[in-house]
Amino acid sequence: MFRNVIVRRPSRSMIEGITTADLGLPDYDLALRQHDQYIQAMEACGAKVTVLPAMEEYPDSCFVEDVAVVTPKCAIITNPGAPSRNGEKAYIVEALRAFYPEENIEYITEGTIEGGDVMMVGDHYYVGLSRRTNEAGFENFRRILEKYGMTATAVPVRGVLHLKTGVDYLSDNRLLAAGEFIGQPVFSQFDETPIAPEEAYAVNCLFVNGKVLVPAGFPKTEKAVRDMGYETIQIDTSEYRKIDGGPSCLSLRF
Ligand code: CIR
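Residues numbered from 1 in each chain as written. Predicted model: local features only at pLDDT ≥ 70, side-chain atom pairs only at ≥ 80, totals over all residues. Heavy atoms only, no water.

Structural notes on the pairing of strand β6 (residues 118–121)
(1) Moving on: Relative to strand β7 (residues 124–129), β6 runs antiparallel, the two being bridged by 4 bridges. Among the inter-strand pairings, Val118 is bridged to a residue of β7, identified as Val127. (Pairing = 2+ DSSP bridges. Helix = DSSP H or I, 4+ residues; strand = E, 2+ residues; numbered from the N terminus.)

Remarks on the site of the ligand
(1) Moving on: Near the ligand there are 13 residues, and of these Ile18, Asp60, Arg132, Ile243 and Cys249 occur at the shortest range.
(2) Moving on: Taking Glu65, its side chain carries an N or O atom lying 2.8 Å from a nitrogen atom of the ligand.
(3) Moving on: One nitrogen or oxygen atom from the side chain of His162 is found 3.1 Å from an oxygen atom belonging to the ligand.
(4) Moving on: Classifying every residue of the shell around the ligand gives 5 nonpolar, 2 polar and 6 charged. (Near = heavy atom within 4 Å. Polar contact = N/O pair within 3.5 Å; in protein donor to acceptor, adjacent residues only side chain to side chain. Nonpolar A, V, L, I, M, F, W, Y, C, P; charged D, E, K, R; others polar.)

Observations regarding the nonpolar core
(1) Moving on: Residues Tyr38, Met42, Phe63, Val208, Leu213 and Tyr240 are the most contacted members of the largest nonpolar core, which totals 25 residues.
(2) Moving on: Secondary structure elements with two or more residues in this core: β1 (4–8), α1 (28–44), β12 (206–208) and β14 (231–235).
(3) Moving on: Here this core takes 7 residues from α1, the largest share from any one element.
(4) Moving on: Residues in contact with Val208, not counting those within four places in the same chain, are Phe2, Met42, Cys45 and Leu213. (Core = buried A, V, L, I, M, F, W, Y, C linked by side-chain atoms within 4.5 Å. Buried < 20%, exposed > 50% of the residue type's maximum accessible area, 1.4 Å probe, protein only. Contact = heavy atoms within 4.5 Å.)

So, helix α2 (residues 89–97)
(1) Moving on: Among all positions in α2, only Ile92, Val93, Ala95 and Leu96 are buried.
(2) Moving on: Buried residues along α2 sit against β1, β2 (48–52), β3 (68–70), β4 (75–77), β5 (105–107) and β15 (252–253).

Right, dumping it as structure tokens:
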């Protein structure tokens, strides 16, 4: 059960966020409305939402998922591989101090890692080795988890930004996979649902307390998730998609 969710309001500077999407510039006012709806969806899932203020100096700072990995036993402050985002990590610590005792806040000090590359499945974490997360970062992360009795597996990421841009764990052994992750041996123990190529963006759904947030506008994926027995909540993340962001990137859940 996730009791808490942390989000950060998007900044006007989000139009300068890092992107590969070629979908045009985000509309800030629409992004704010979509953020309001995201918060409401989280509340509808029974989570208490902490809303952090926008940070203009960091265009991508609404994507709080990348700067920390929050587990039931500890919070791990990451070391973002994107230079323009690295400074964001200092600001998430303060917010997490309200939820974790100081001794359970850990820091990545070697290599780089971003939370978008970390997929939690119970006490086990799959970590994408991507343009943002390297071997040294993974190894540092794995050693921290080990201290708390948790484990990790590295997964190569080739064609997408982060691991969770291409694969998503829901619950009850169910996995959504797109593109390069379809049929990957490393995930062979899961009940895998392949996502259609034209809906690949929607693989980044978000399981929250029994419900699943699904990006709006991807009917095949929404139906597939509903057919698994989940109640779905469609959320429009069109303005975040323009800077390579999806539902999971916008929050920390614990
Ligand atoms: C970035 O390139 O860092 C942002 N424009 C998008 C971050 C998306 N985060 C995520 O998938 N966890």
